[in-house]
Amino acid sequence: MATFLYKLGRLAFRRRHFVALIWVALLTLAGVGAASAPAAGNTSFSIPGTEAQKAFDLLEQRFPGMSADGATARVVFKAPSGEKMTDAGNKAAVEKTVKELRSGSEVASVADPYTGHAVSKNGAIAYASVKYEVSGMELQDSSRDALKEAAQHARDAGLTVEIGGDALTATPETGSSEVIGIAIAAVVLVITFGSLLAAGLPLLTAIIGVGIGVSSITALASTLDLGSTTSTLATMIGLAVGIDYALFIVSRYRAELAEGREREEAAGRAVGTAGSAVVFAGLTVVIALVGLSVVNIPMLTKMGVAAAGTVAIAVLIALTMIPALLGYAGRKVRPAGEKSKLLGGGRTPKNPGRPNMGTRWAGFVVRRPVAVLLLGVLGLGAAAVPAASLELGLPDDGSQPVSTTQRRAYDLLSEGFGPGFNGPLMVVVDAKGSTDPKAAFTEVGHEIKALRNVVTVTPAAPNKAGDTATITVVPKSKPSSATTEELVHAIRDEGADIKRETGSTVLVTGSTAMNIDVSQKLNDALLPYLALVVGLAFLLLIVVFRSVLVPLKAALGFLLSVLAALGAVVAVFQWGWLSGLMNVEETGPVMSMMPIFMVGVVFGLAMDYEVFLVTRMREAYVHGEKAGQAVVTGFRHGARVVTAAAVIMIAVFSGFIGSSESMVKMIGFGLAIAVFFDAFVVRMAIVPAVLALLGDRAWWLPKWLDRALPNVDVEGEGLRTQDSPGGSDGERELVRT
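For every chain, the first residue of its written sequence is number 1, and the numbers climb from 1 along that sequence. Note on the predicted model: pLDDT of at least 70 is required for a residue's local features to be given, and 80 or more for side-chain atom pairs to be given and counted; whole-chain, interface and lining totals, by contrast, use all residues. Computation of side-chain values covers all heavy atoms of the structure but excludes hydrogens and water.

This paragraph deals with the overall build of the chain. Along the backbone of the chain there are 22 helices and 11 strands. Only protein chains enter the accessibility calculation, which uses a 1.4 Å probe; a residue is then buried when its area is under 20% of its type maximum, exposed when over 50%, and partly exposed in between. Out of the 737 residues belonging to the chain, those deemed buried represent 55%. Long-range pairs, those at least 24 residues apart, make up 79% of the contacts in the chain between residues at least 6 apart in sequence. Residue burial considers only the protein chains on display, and all accessible areas are found by Shrake-Rupley using a 1.4 Å probe. Of the roughly 30,900 Å² that the chain leaves accessible, carbon and sulfur atoms contribute 60%. Comment: elements are numbered from the N terminus, with helices defined as DSSP H or I runs of at least four residues and strands as E runs of at least two. Residue contacts are defined here by distance: any two heavy atoms, one from each residue, within 4.5 Å place the two residues in contact.

By definition here, a helix of n residues has an expected span of 1.5 Å times n minus one. For helix α18 (residues 594-622), with 29 residues, the first-to-last C-alpha span of 40 Å sits near the 42 Å given by 1.5 Å per residue. Burial analysis of α18 places 27 of its 29 residues in the buried class, the great majority of the element. Among the residues trailing α18, G624 stands out with phi positive, at a value near 110°.

Turning to its location among the elements, A324 is positioned in helix α10 (residues 298-329). Among all residues touching A324, those that are not within four sequence positions of it are A12, R16 and V19.

Let us look at the packing of helix α2 (residues 16-36) against α10. All axes here are fitted lines through C-alpha atoms, helices being fitted over the stretch that makes contact, and every angle between N-to-C directions spans 0 to 180 degrees. Taken N-terminus to C-terminus, the directions of α2 and α10 make an angle of 140°; their axes are 9 Å apart at the nearest point. By the criterion of interaxial angle, the relationship of α2 to α10 is oblique. Handedness of the crossing formed by α2 with α10: left-handed. On the side of α2, the interface is formed by R16, H17, V19, A20 and W23, while α10 contributes I313, L316, I317, T320, M321, A324, G327 and Y328. Here the contact of α2 with α10 is composed, by residue class, of 9 nonpolar, 3 polar and 1 charged. Here the angle decides the label: under 35 degrees means roughly parallel, over 145 means roughly antiparallel, 65 to 115 means roughly perpendicular, and every other value means oblique. By definition, any crossing whose near helix is turned counterclockwise from its far helix by less than a right angle is left-handed, and any crossing with a clockwise turn is right-handed. Each residue is assigned to one class: nonpolar for Ala, Val, Leu, Ile, Met, Phe, Trp, Tyr, Cys and Pro, charged for Asp, Glu, Lys and Arg, and polar for all the others, Gly among them.

Residues with a pLDDT of 70 or more make up 89% of the chain, whose mean pLDDT is 82. Per residue, pLDDT captures the predictor's confidence, and it can take any value from 0 to 100. Confidence, expressed as mean pLDDT per element, reaches its minimum in the chain at helix α22 (residues 729-736) with 38 and its maximum at helix α12 (residues 369-384) with 94. This stretch, residues 722-737, has a pLDDT under 50; its non-local contacts, to residues over four places away or in other chains, come to 25 contacts.

A rise of 1.5 Å per residue sets the reference length of helix α17 (residues 549-574), with its 26 residues, at 38 Å; its end C-alpha atoms lie 36 Å apart and thus fit the reference within 8%. Counting buried residues along α17, 20 of its 26 residues qualify, which places the element largely inside the surrounding structure. Downstream of α17 by one or two residues, G576 has phi in the positive range, about 95°.

The 4 strands lie next to each other as β2-β3-β1-β4, forming an open sheet whose pairing is antiparallel. Edge positions in the sheet fall to β2 (107-111) and β4 (160-164), since each of these pairs with one other strand and no more. Direction aside, the axes of adjacent strands within the sheet are offset by 20° on average. Examined bridge by bridge, strand β1 (residues 72-78) and strand β3 (residues 125-132) share 7 bridges and lie antiparallel to one another. One requirement defines pairing of two strands: DSSP has to find at least two bridges between them.

The next subject is a nonpolar patch on the surface. Taken together, the side chains of F18, I22, L26 and L29 present a nonpolar region at the surface, about 400 Å² in accessible area. Within the fold, F18 resides in helix α2. For patch detection, residues must exceed 30% relative accessible area and be free of salt bridges, and they are connected within 9 Å for like charges or within 5 Å for nonpolar side chains (Val, Leu, Ile, Met, Phe, Trp, Tyr). Definition used for salt bridges: Asp or Glu carboxyl oxygen within 4 Å of a side-chain nitrogen of Lys or Arg.

Let us now look at unusual backbone geometry. Even without glycine at this site, N296 takes up a positive phi of about 65°. Looking at the secondary structure, you find N296 in the loop between α9 (263-290) and α10. Notably, N453 is not glycine yet its phi reads approximately 70°, a positive angle. Assessed through its relative accessible area of 11%, N453 is described here as buried.

It is worth spelling out the side chain of E256 at this point. Counting through the fold element by element, E256 comes out in helix α8 (residues 228-258). Here R261 takes part through its side chain, which lies 2.7 Å from a polar atom of the side chain of E256. Beyond its immediate chain neighbours, meaning those up to four positions away, E256 contacts R261, A266, R269 and A270. The term polar contact refers here to a pair of N or O atoms within 3.5 Å; inside protein, the definition further demands a hydrogen-donor-capable atom paired with an acceptor-capable atom, and it admits residues adjacent in sequence only when both atoms are side-chain atoms.

Attention now goes to the packing of helix α14 (residues 437-449) against helix α15 (residues 482-502). Between α14 and α15, whose axes approach to 11 Å, the crossing angle comes to 145°. Crossing of α14 over α15 shows right-handed handedness. Packed against α14, whose contacting residues are A440, E443, V444, E447 and I448, the element α15 presents I491, E494, I498, E501 and T502 at the interface. The residue makeup of the contact of α14 with α15, split by class, is 5 nonpolar, 1 polar and 4 charged.

This part covers the environment of R616. As for its position among the elements, R616 is in helix α18. Between the C-alpha atom of R616 and that of G638, which follows or precedes it by 22 residues, the distance is 7.1 Å. Setting aside chain neighbours within four positions, we find R616 in contact with R252, G634 and H637.

Okay, the packing of aromatic side chains next. Only centres within 6.5 Å qualify two rings of Phe, Tyr or Trp (six-membered ring in Trp) as a pair; their planes then separate them into stacked at under 30 degrees, edge-to-face at over 60, and tilted for everything else. Throughout the structure, instances matching the rule amount to 9 aromatic pairs. Here F676 and F677 contribute two aromatic rings whose centre-to-centre distance is 5.9 Å and whose plane-to-plane angle is 55°, an arrangement assigned as tilted. Of the aromatic side chains, those joined through ring pairs into one cluster are Y127, F417 and F421. In our convention, an over-ring charge means Lys NZ or Arg CZ found within 6 Å of a ring centre and within 35 degrees of that ring's normal. In this structure, R16 is placed above the aromatic ring of Y328, and the distance from its NZ or CZ to the ring centre is 6.0 Å. Positioned above the aromatic ring of Y127, the side-chain terminus of R74 is 5.2 Å from the ring centre.

Further remarks concern the pattern of salt bridges. Between side chains of opposite charge, a pair can form as their charged atoms come close. Evaluation of the coordinates by the stated rule reveals 18 salt bridges. In this structure, R10 and E265 form a salt bridge, with 2.9 Å as the shortest nitrogen-oxygen distance. With R10 in helix α1 (residues 2-14) and E265 in helix α9, the pair connects residues that are 255 residues apart, well separated along the chain. No difference in accessibility class separates R10 from E265, as the two residues are buried. The network of salt bridges with common partners includes R10, R14, E264, E265 and R269.

Moving on, we come to the pairing of strand β10 (residues 505-509). Where burial is concerned, most of β10 is hidden: 4 out of the 5 residues are buried. Of the strand pairs in this sheet, strand β6 (residues 425-430) and β10 are connected by 5 bridges, and their pairing is antiparallel. Bridge pairing links V427 to V508 in β10.

Structural data, given as structure tokens:
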């Protein structure tokens, strides 16, 4: 591996014009493809295997044209103080709005509040239900604009009007946060390298890689049914790993220059050593992202595969374009320890022989490994305690900021009709196998009315064939509460008895039931996903480090950091700790996608730091240093780079905390705190402490396994020849072979 990448690095350095031309051509091709591709709507959303999805599919068959999974909107009206919605003027304004809503091109139906009994008992609040032919993710912007205009016309008539439902769901804008993340990354890179040019290389290559990846996703979006969220994830991950991988190789290049090697030789060795770490780190990220397919949610699978493709591009760019650009830069990229004149270069160092901070920290850990290990484990364990109270769910309008119209509509409906009105359940009764379908429909309604936490059960609404009916159930509790989830399970339990008695099948669906099913599906998939990702990466790291205990330590450390991060998420977003600082207006269940998403993304990034840091230790150990000294050597060369990479990632993810969307805010906070725990507590404290305690045993591998494993030579043993600065005849012979 190291020998092949060494040759690749030198080739890219020499043939830099050709390499640069290839990447520019690929970027141009992807850009042209994106510009000429047909505009893609938002991706369709389905959850195979869930009861809610089965009910939607059944409704599509038995109620053609009903658009069971179509977007919905509730236009909520409130009369001025002292008036009622039944007053003539207010009623005329509402009816005019209903007529305007019905004219929409994608509108399937609009329910008039006065004929549909949608006026509160005190007469102060009413609502009009709007049903669309397509889902909220597929709804055109023109339909959303028409909905908002109709509501504004009613406001102009003197009414308070708010809009709830999933029709206004839109992908949050995150462009400003990305710019902030890139700006902070630039500052960190300048400080790390002491050179504007060296700092610019990782940023340039990361942006090119993301440009190719996102443009390719845009070009294929219509064909593969990829939504805008896919591009957002690919951008986030692509920027993260793209900067990291380029940072690792440029840093190693400067270290090789500091040892006196010629620039082409330094580029080859940087790609052969740090590039090997980049390849295996990239593989762990790809495994984590592609592994999302085990959840069996098509949208999540596509997002994972597309993001994995962007990571693969980042790896290839780091291995080829970075050495090519280093060839263009020439002497402007200085050896490690030297700064450009603009940033203070040429000054006499205050303490020229003093070890750097990474060396001093590693020396401290090696001398006191037990204390550092206990402090790190106990600290993360304490942070992980709240994770025991983790409650999963999907956000609804009640979790939106109070400044949004969705949240205000939610509050108005709760005020006028009760909190459960915001999340009605749709019960679908399939009586095709029943001898008396009407009796079966009636029986289902009676059984549901007898359950606790039920406010209203509407009469069954059968289809034309009379073999299937829908029943709307309004709970007492709000949609995201555990009580509502218990009601869904209770209805399904009753359905089993009804099937035995009448031969009818009872299915519960609707947005609330779908959220519950998605949460359960993600929860059930977490352990298999974790086992798959950690298991495959464990095997991969055994090959990289030729050790059993080092990969085991890496996996256990990752699990500890993820549990601690989940504990922090629970404390802030579920318990409300520091909620004011984070601008969390409404606490509630943690987004059900959060744990599995955090495992996938953070695992890949954590293994980046593990591979880069520990391969330097392995390299020193293989080259003859004692185990404890190898830890110090690894930190001397790698701690500064890993610290910079972690700070960049934390900055990128923290930018999303400022989002108004609670889901985006939670993801940003969770990923930022997870990277902090993993990089600074696990990799910088627990890892060296464990390796210091294990000593030579850390690198133990059974002889039979050593013979069976392929020798990938990540530490660059195959490149080790004579130590002459310019490279020996043996090295030149190695390049020729």
